[in-house]
Amino acid sequence: MATPTTTSPGPRTAAAPARVRLSRWRINAVLLLCLLLIARVLLRLGELQVVRHEELRARAMAEIDQQITLQPTRGLITDRLGNVLAMDVDRESLWVIPAQVDQERAPRLALTLSALVGKSPQAILAALTDTEHYWLPVARWLEPEVAAQIEALDEPGLRLQYEPRRVYPQGAFAAQVIGAVNFNGDGISGIEGFYNAQLKGITGTLQAQFDGARNPIAIAPSRTVPPRNGVNIQTTLDPLIQYVIERELKQAVEEHNADGGSIIVLDPRTGAIRGMTSWPFFDPNRYTDYDPEVFGRNPAISNLYEPGSTFKMITVAAGLQTRAFTADTQVNDTGVIFRYNQSLSNWNGGANGMLNAERVLYYSSNVGALQLNELTGPERFYQILRDFGFGAPTGVELGGEESGIVNAWGGPAYNDLTFLTNAYGQGISVTPLQMVQAAAAIANDGVMMKPYIIERICEGEHCTTTEPVVAGRPVEPGVAWTIRRMLVHSANHYAPVVFGPQTGNWGDQWLVPGYQVAAKTGTSSIPLEGGGYDPSYTIGSVLGFGPADGAHFVVLVKIDRPKDDIWGVGTAIPVFQRVMRELLRYERIQPDPALYSPGQEGA
């Protein structure tokens, strides 16, 4: 029987891979999905490139194509000799582009910047992280050394941009006249406010394409409308005169613990204001450190006060001009007089007897002045007051000028008692500049010039010079001459206040040795809001001019509420005397050797 043979199996042959078969509907579904996606893309492209082409193009261009405002340079303000009182200086300001700032380093950067610019780190951090805005300010008008330190940080996103800042090189010098400019570049007081539009100029524009760093793309088209710079203004202020009156006012206020005061110097021949100052002073470079009443108001034109006895020169002028009385007419000064059931008296209640107009001024007699006013009558008196400019602004080129209060005959507020008290400067309100303008008419032979503070305005090479303007002729030359003679005697009557302690001579003498100077003092009562007058304090003033004939200067010195001088004139007379002396010497008017009293030779 045969043995079956066992054969070893050979290598197996690999089985053929199974074929995957996709259903036709699946393939169609995939193809359909792809077609839908392609269609969606095409539709989106069509929407973006065709339907919304103009909109998206405009949005894209808005990112790079921008219009930048070009700021003009604000005009200079100078004194009459060309010394700069106000100017624009380019200073770098710090801005930030938050999108370019490393937000992880932002807190540390905020602390660094805070130490440099003096702002809180929280405020700076808020700007650094505000990615919703492209461009934000951090600090304006940096000092050059601070700007250099920030630039050295080399931080992306920080930008230093030059912008003009208003600077007052002389500080508080003539600040009430010059005024101030706020952080928006607008004048808010003084000449800066009155001539704001002209000084500010007209902005220009730059239409161009900008890169991410806000730099113009050089190869891109651009269009520039250049700005028109502001005008340059030259004032009538004389720097030496302004310095003298500011020094004297400051010294008087501090020495006598006064609340304030004003001094004005005016050329009666033209109306040019050579000096104007008021206390308290302020520095317009940091005007926000002061009360708005200080930096926003010029007391020399804005503060009303009752002029007191300085007004008696106007009372005498009214009577002489209307021929109501003559220089020889006499009235009986009994010290106290009764009118309309009221007792009216002199400052000391003392009687001076029979007085003509000159002696009424000399003794500053209230009783005499009101009797002279009775001779003039209200109709003629108030007409002369209008001719002298009272009750209306002078028109000086400064903002905030007040008109004063004159309750004239025929008006609703007129009464007969006020008419009498007006004779010695009570019951009537004026500005210091109105009093100076009126006195200047007497100094200038009856011709009253309009006060002005602007000498010249220049726009580029074209300049316009102010021409003096006659504001009126309230009195005739003869009347003005007569009043000037009276006021010289009146001035000499005050000289012992200055020279009595030095020479021991308490009689009349020359107020300004070597010169004839005309002057009248005034003690002004201060009205209270509830009626009546302040029993404790007054306003002392002196109003005058020199030389008495052919005057070059009219000066008003007004000191408010001096605490150690109830009558005020003891405070104001020495200031007036020193100011007038320096003015006449500065003008190089030769002193007359005959016009020195004993003991005054070295004065």
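Structure: see above.
Residues numbered from 1 in each chain as written. Predicted model: local features only at pLDDT ≥ 70, side-chain atom pairs only at ≥ 80, totals over all residues. Heavy atoms only, no water.

## Digging into the sheet that holds strand β10 (residues 273-279)
- The sheet built from 5 strands is open, its strands ordered β10-β9-β21-β20-β19 with antiparallel pairing. Edge positions in the sheet fall to β10 and β19 (518-527), since each has one partner strand and no second. The mean angle between the axes of side-by-side strands here comes to 10°, regardless of whether they run parallel or antiparallel.
- Where strand β9 (residues 260-266) meets β10, 6 bridges bridge the pair, whose relative direction is antiparallel. Bridged to Val265 within β10 is Gly275. (Pairing = 2+ DSSP bridges. Helix = DSSP H or I, 4+ residues; strand = E, 2+ residues; numbered from the N terminus. Axes fitted to C-alpha atoms, helices over the stretch in contact; angles between N-to-C directions.)

## Topic: the nonpolar core
- Membership of the largest hydrophobic core comes to 94 residues, with the highest contact counts inside it found for Ile178, Ile191, Met276, Ile314, Phe388, Phe390 and Ile453.
- Ranked by residues supplied to this core, first place goes to helix α17 (residues 432-443) with 9 residues.
- Not counting chain neighbours up to four residues away, the residues in contact with Ile453 comprise Val177, Ile191, Thr235, Thr236, Leu237, Ile273, Val396, Glu397 and Leu398. (Core = buried A, V, L, I, M, F, W, Y, C linked by side-chain atoms within 4.5 Å. Buried < 20%, exposed > 50% of the residue type's maximum accessible area, 1.4 Å probe, protein only. Contact = heavy atoms within 4.5 Å.)

## Re the packing of aromatic side chains
- Under the counting rule described, the total for this entry stands at 12 aromatic pairs.
- Geometrically, the ring pair formed by Tyr287 and Phe295 is edge-to-face, given 5.0 Å between the ring centres and 70° between the ring planes.
- Using a relative accessible area of 10% as the deciding quantity, one classes Tyr287 as buried.
- Seen from their ring centres, Tyr382 and Tyr414 are 6.0 Å apart, and the 90° between their planes marks the pair as edge-to-face. With Tyr382 in helix α15 (residues 378-387) and Tyr414 in the loop between α15 and α16 (416-422), this residue pair connects regions lying 32 residues apart in the sequence.
- Among the aromatic residues, those joined into a ring-pair cluster are Phe381, Tyr382, Tyr414 and Phe419. (Phe/Tyr/Trp six-rings, centres within 6.5 Å; stacked < 30°, edge-to-face > 60°.)

## Brief notes about the packing of helix α9 (residues 239-256) against helix α19 (residues 569-586)
- Where α9 contacts α19, the two axes come as close as 10 Å, and the packing angle between them is 165°. As judged from the angle between their axes, α9 and α19 are roughly antiparallel. The hand of the α9/α19 crossing is right-handed. Two secondary-structure elements touch here, α9 through Leu240, Ile241, Val244, Ile245, Arg247, Glu248, Gln251, Ala252 and His256 and α19 through Thr571, Val575, Arg578, Val579, Glu582, Leu583 and Tyr586. (Parallel < 35°, antiparallel > 145°, perpendicular 65-115°, else oblique. Left-handed = near helix turned anticlockwise from the far one by under 90°.)

Structural measurements only, silent on function.
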